[in-house]
Amino acid sequence: MKALIEKLITTPGPSGYEGGIRDVIRVEVEPYADEMRVDALGNLIVRKGRGDLRFMLAAHMDEIGIIATHVDENGFVRFTNIGGVPPRYCPAGRVRFLDGTPGVIGLEDIGAAEIPPLSKMFIDVGATSKEDCPIKVGDVAAFERPFNQGGSRLVSKAMDDRISVAVMIEALRQLAHTPHELYFVFTAQEEVGVRGAATAAYGIDPHLGLAVDVTRTGDTPKGITMAVSLGKGPAIKVKDAGMIVDPQVVDWMVTTAQRAALPYQLEVLEHGGTDARSIQLTRAGVPAGCLSIPCRYIHSPSEMVDLGDVENAVKLLLELVSSPVTWIK
């Protein structure tokens, strides 16, 4: 999966500007789709199989980014965030605008402030004046860092959530049979309020939903207290800040993992949420859960996942979609 992962994470696609990454995904999934369409919000919806149970799977294809708000007389670009951009990760970081223009994030001389706000930062694109600056107000950029691998650990920007996109694509490739009507949805605008999943779920009207996303870990020095670690398997969500997972969904996922002898962890995420929240709340309500990929340094330009966790997530996802779901009435 390494080549696929690298292709996905190096293609820019901040929230609301997913066209480029959607085109890349479309090429990857088209040979395996029974039907494919793009809805009004930009979600790529891929149907596979027919059955009595409509099962929606969602992985968001957008990433965090920035948008230009002002260009000063010397050509420096002020900006604000698209999605959750932690200011502490920004100074001296690199970005690339969607037109290809590179830039570096500079910081005002503000003394010893521990975490300066984005309003104290600017982007230097090498311009000397407002007139020769190639960037205008409203131009959008994604963060830029190279893809690296150390042992089984993969590091890059946009692992959130391109690593889950890769899991969904690989599961679709390997899927031999399903008794369900599966909808693999590559959602837009998750990072700005799980918007794409809301419209997609309304249109599909699923009986069951499952998001695939990253989650935080508690395995770094003096980090958060959380029972999720890299290398111990994908996590099965129990609760996050946006939803409480139906216990039947948790039991189904746990039982499936145990039956297949696959490693798994249980996840309670105190801050953050996923597309599963939007699916759960659509129309009259949908049983929904989340298959999570442990990820260190989320929303930084150097997010880290374990390849073993990724591969086991593919295996668990295949088990979940290949067997009849009998507990939904």
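In case you missed it, the structure is sitting above this.
Residues numbered from 1 in each chain as written. Predicted model: local features only at pLDDT ≥ 70, side-chain atom pairs only at ≥ 80, totals over all residues. Heavy atoms only, no water.

### Things to note about the packing of aromatic side chains
Taken as a whole, this structure holds three aromatic pairs when the rule is applied. Ring geometry for Phe55 and Trp252: centres 5.9 Å apart, planes at 55°, overall tilted. Of this pair, Phe55 sits in strand S3 (residues 54–60) while Trp252 sits in helix H5 (residues 247–259), placing them 197 residues apart in sequence. Their ring planes at 55° and their centres at 6.0 Å tell us that Trp252 and Trp327 sit as a pair that is tilted. Remark: Trp327 occurs in the segment after helix H7 (307–322) and Trp252 occurs in helix H5; sequence separation between them is 75 residues. Accessibility expressed as a relative area gives 10% for Trp252, which makes it buried. The rings of Phe55, Trp252 and Trp327 are connected pair by pair, giving a single aromatic cluster. When the ring centre of Tyr202 is taken as reference, the NZ or CZ atom of Arg283 above it lies at 4.0 Å. (Phe/Tyr/Trp six-rings, centres within 6.5 Å; stacked < 30°, edge-to-face > 60°. Helix = DSSP H or I, 4+ residues; strand = E, 2+ residues; numbered from the N terminus. Buried < 20%, exposed > 50% of the residue type's maximum accessible area, 1.4 Å probe, protein only. Lys NZ or Arg CZ within 6 Å of the ring centre and 35° of its normal.)

### Observations regarding the sheet that holds strand S10 (residues 148–150)
On the basis of which strands lie adjacent, the open sheet formed by three strands has the order S10-S11-S17 and antiparallel pairing. Each edge of the sheet is formed by a strand with only one pairing partner; in this case those strands are S10 and strand S17 (303–306). Strand-to-strand, the axes of this sheet are offset by a mean angle of 25°, without reference to chain direction. The pairing of S10 with strand S11 (residues 153–156) spans three bridges and is classified as antiparallel. Residue pairing in the sheet places Asn148 in a bridge with Val155 of S11. This element, helix H3 (residues 159–174), spans S11 and S17 of the sheet and lies at about 30° to S17. (Pairing = 2+ DSSP bridges. Axes fitted to C-alpha atoms, helices over the stretch in contact; angles between N-to-C directions. Contact = heavy atoms within 4.5 Å.)

In short, the description is geometric, and any link to function would need to be established separately.
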